[in-house]
Amino acid sequence: MNALVAAVPDRDLLYGLLKAHAKPVPRYTSYPTVPYWDKDFGEAEYVAALDEAGSTPERALSVYVHIPFCGKRCYYCGCNAMVTSRADVVEGYLDHLEREIEGVVDRIGTGRSVTQMHWGGGTPNFLSDRQTTRLFEMLASAFSFTHDAEISIEMDPRVATPSQPPLLRRLGFNRMSMGVQDFDPKVQAAIGRIQPESETVSLLENARDAGFESVNFDLVYGLPYQTTESFARTLNRVVELSPDRIATFSYAHLPEVRKIQRAVDASGLPQPREKLGLFLDTVDVLQEGGYQWIGFDHFAKPDDELAVAAREKRLLRNFMGYTTHAAPDQVAFGMSGIGCLAGRFVQNASRIDQWRDALDENHFPVVRGHHMTRDDEIRSLVIQHLMCNLEIRDDLTEAPFGGTVDALLGDELDALAPFEEEGFLVREGRDWEVTETGRFFMRNIASTLDPYLRAPQRELPVFSSSV
Ligand code: SF4
């Protein structure tokens, strides 16, 4: 086995450990996690954050744009999406995005440098070519993209047209992520997403012909009727098609929270042990296929910059996913968009009417946020580094916070000792490294450094299990 291939722990042993350590733990896409943000954080706080960000024009930005539209709802969907066939609804949304972008730029200044932009959804390629061009031009006149900016878009192969990849490349997009989930027709029927393989292959070929630097496939495991054999066929086909990156997501069946999931036949869902097997098979097949395992559920070719950054322990993550281009401040546009600006997390209204009405009344559509304390920032850095780079390095906080992790978090690190005894962490001098088994328990490890979990919640979180 070469040095880039991580060993997968014994399956029986791992299953037993996962059962023994099963508890709801956050995914840690942010720290503190969203359920602990402040519902009283409103427009005044956001304006203060924007003004503070406006006083540091040299700081680069990341930009997220949420485009919620889809032609039809998939049964497994957990995204903030809405179905429409009305062009006027989409046009109205773009009008309001324009207003939101203008409001932000009025405060932080026009032409701010952007190192990363991501369009997510929903289905961003639901927009027509004219609407795509209009939205991109709005953003390009508000911001200044650096020459090496990472500009990415989520695409649904079912609605992709041959003209989209070349148009997107001409505009400046260089990365594309496409939803694949599973190639098996029975699984596709069970999730209400019929996507012939030819549509995925066609979009992939068009993206490559257009010159996209990187294409990502999203896969989902734990879907109804997935079996070891059927998912192996999907995984082997994915390896043959050879996307640059692959993200694998665990399906969380929560029909009480996500009503659309009531359409999923729960009797076809794999049992927990089978679901773990599907993920471990994924790790095996993709590693054998030449991909490097990143974080918990991502894979990239070894020469991809994500893989290189992971090996060099400098991988970053924000609400847009793993990246090497994250800027210190992130602004978000569109319903449910989440930003992080001048030490404040901020989230927009999730409902389109609330988001639109606020903008119509010349307000920012903010519904919650969190002003980070110094302690939050220290823990955020430590947890992010753990989840991305599989280590807690004692000197990590010295430059930004003037003290080692040990000095700043003190006795709390004692809570990590049981993980060392279990074989999830090894201590090397003053640093901790996550083992191959420990990779399955990173959220548990992070949660011991999260005092908010021991405080009353502000609202019920929706956590998903590790596998
Ligand atoms: S395309 Fe994506 S966002 Fe739209 S309904 Fe399907 S899963 Fe949800």
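Residues numbered from 1 in each chain as written. Predicted model: local features only at pLDDT ≥ 70, side-chain atom pairs only at ≥ 80, totals over all residues. Heavy atoms only, no water.

1. Side note on the overall build of the protein
Across its full length, the protein holds 16 helices and 19 strands. The globule rule puts the C-alpha radius of gyration for 467 residues at 23 Å, and the 22 Å found for the protein is close to it. Referenced to the eigenvectors of the C-alpha coordinate spread, the extents of the protein come out at roughly 55 × 55 × 40 Å. The burial tally for the protein puts 56% of its 467 residues in the buried class. Within the protein, contacts between residues separated by at least 24 positions form 73% of all contacts whose residues are at least 6 apart in sequence. Just so you have it, the protein exposes about 19,100 Å², and 50% of that area is on carbon and sulfur atoms. Where the 47 positive side-chain charges of the protein centre and where its 69 negative ones centre are 4 Å apart. (Helix = DSSP H or I, 4+ residues; strand = E, 2+ residues; numbered from the N terminus. Rg over C-alpha atoms; globule rule 2.2 N^0.38 Å. Buried < 20%, exposed > 50% of the residue type's maximum accessible area, 1.4 Å probe, protein only. Contact = heavy atoms within 4.5 Å. Areas by Shrake-Rupley, 256 points an atom, 1.4 Å probe, with all protein chains shown as cover. Lys, Arg positive; Asp, Glu negative; His and termini not counted. Charge placed at Lys NZ, Arg CZ, Asp CG, Glu CD.)

2. Points about the site of the ligand
If you check the shell around the ligand, you find 13 residues, and the closest are Cys70, Cys74, Tyr76, Cys77 and Arg193. The class makeup of the residues in the shell around the ligand is six nonpolar, two polar and five charged. (Near = heavy atom within 4 Å. Nonpolar A, V, L, I, M, F, W, Y, C, P; charged D, E, K, R; others polar.)

3. Digging into the side chain of Ser30
Position of Ser30 relative to the elements: it lies in the loop between helix 1 (11-20) and helix 2 (43-54). You can call Ser30 buried: its relative accessible area is 7%. Of note is the side chain of Ser30, whose polar atom sits 2.8 Å from the backbone oxygen of Pro32. The residues contacting Ser30, other than those within four sequence positions of it, are Trp37, Phe319 and Phe345. (Polar contact = N/O pair within 3.5 Å; in protein donor to acceptor, adjacent residues only side chain to side chain.)

4. Describing the confidence of the model for the protein
Averaged over every residue, the pLDDT of the protein is 94; the share at 70 or more is 97%. With pLDDT under 50 throughout, residues 459-467 is counted as low confidence; its partners more than four residues away or in other chains account for 28 contacts. (pLDDT = per-residue confidence, 0-100.)

5. Section: the packing of aromatic side chains
Inspection of the entire model under this criterion finds 23 aromatic pairs. Seen in terms of ring centroids, Phe143 and Phe333 are 6.2 Å apart; in terms of plane orientation they differ by 45 degrees. Their pairing is tilted. Pair noted here: Phe143 is in strand 5 (residues 143-155) and Phe333 is in strand 13 (residues 329-333), with a separation of 190 residues, a long-range link. Aromatic pair Phe279 and Phe440: ring centres 6.2 Å apart, planes at 80 degrees, arrangement edge-to-face. Taken as a pair, Phe279 in helix 9 (residues 272-288) and Phe440 in the loop between strand 19 (431-434) and helix 16 (442-447) lie far apart in primary sequence, 161 residues in all. For Phe279, a relative accessible area of 0% puts it in the buried group. The exposure class assigned to Phe440 is buried, which follows from its relative accessible area of 1%. Ring pairing ties together the aromatic residues Tyr221, Phe279, Trp293, Phe296, Phe299 and Phe440, which thus form one cluster. (Phe/Tyr/Trp six-rings, centres within 6.5 Å; stacked < 30°, edge-to-face > 60°.)

6. Quick word on the domain arrangement of the protein
The domain architecture assigned to the protein consists of domain 1 (1-32 + 373-459) and domain 2 (40-329). Using only C-alpha atoms to locate each centre, domain 1 and domain 2 end up separated by 26 Å. Regarding the contact of domain 1 and domain 2, the summed buried area is about 2,300 Å², with carbon and sulfur atoms giving 56% of it. Counting across the domain 1 and domain 2 interface gives four salt bridges. Taking the shortest distance from any N to any O, the salt bridge between Arg11 and Asp281 comes out at 2.8 Å. In this structure, the connection of domain 1 to domain 2 is made through 10 residue pairs in polar contact (both at pLDDT 80 or more). Residue assignment for the side of domain 1 that touches domain 2 shows that the elements contributing at least two residues are helix 1 and helix 12 (374-389). By residue class, the composition of the side of domain 1 that touches domain 2 is 13 nonpolar, five polar and six charged. (Domains from an automatic or database assignment. Buried area = accessible area lost by both parts, 1.4 Å probe. Salt bridge = Lys/Arg side-chain N within 4 Å of Asp/Glu carboxyl O.)

7. Regarding the packing of helix 1 against helix 9
At a minimum axis distance of 11 Å, the contact between helix 1 and helix 9 shows a crossing angle of 125 degrees. When the axis of helix 1 is compared with that of helix 9, the two are oblique. In terms of crossing hand, the pair formed by helix 1 and helix 9 is right-handed. Only Pro272, Arg273, Leu276, Gly277, Leu280, Asp281 and Asp284 of helix 9 make contact with helix 1, whose side of the interface consists of Arg11, Asp12, Leu14, Tyr15 and Leu18. Taken together, the residues of the contact of helix 1 with helix 9 sort by class into six nonpolar, one polar and five charged. (Axes fitted to C-alpha atoms, helices over the stretch in contact; angles between N-to-C directions. Parallel < 35°, antiparallel > 145°, perpendicular 65-115°, else oblique. Left-handed = near helix turned anticlockwise from the far one by under 90°.)

8. Here we look at unusual backbone geometry
Residues other than glycine predominantly adopt negative phi, and peptide bonds predominantly adopt the trans conformation. Following Tyr31, the chain continues into Pro32 via a peptide bond in cis, with omega recorded as -5 degrees. Looking at the element boundaries, Pro32 is found in the loop between helix 1 and helix 2. Even without being glycine, Lys313 reaches a positive phi, approximately 60 degrees. Along the chain, Lys313 turns up in the loop between helix 10 (305-311) and strand 11 (316-318). With phi around 50 degrees, Ala342 is a residue other than glycine that occupies positive phi space. Note that Ala342 resides in the loop between strand 14 (338-341) and strand 15 (344-348).

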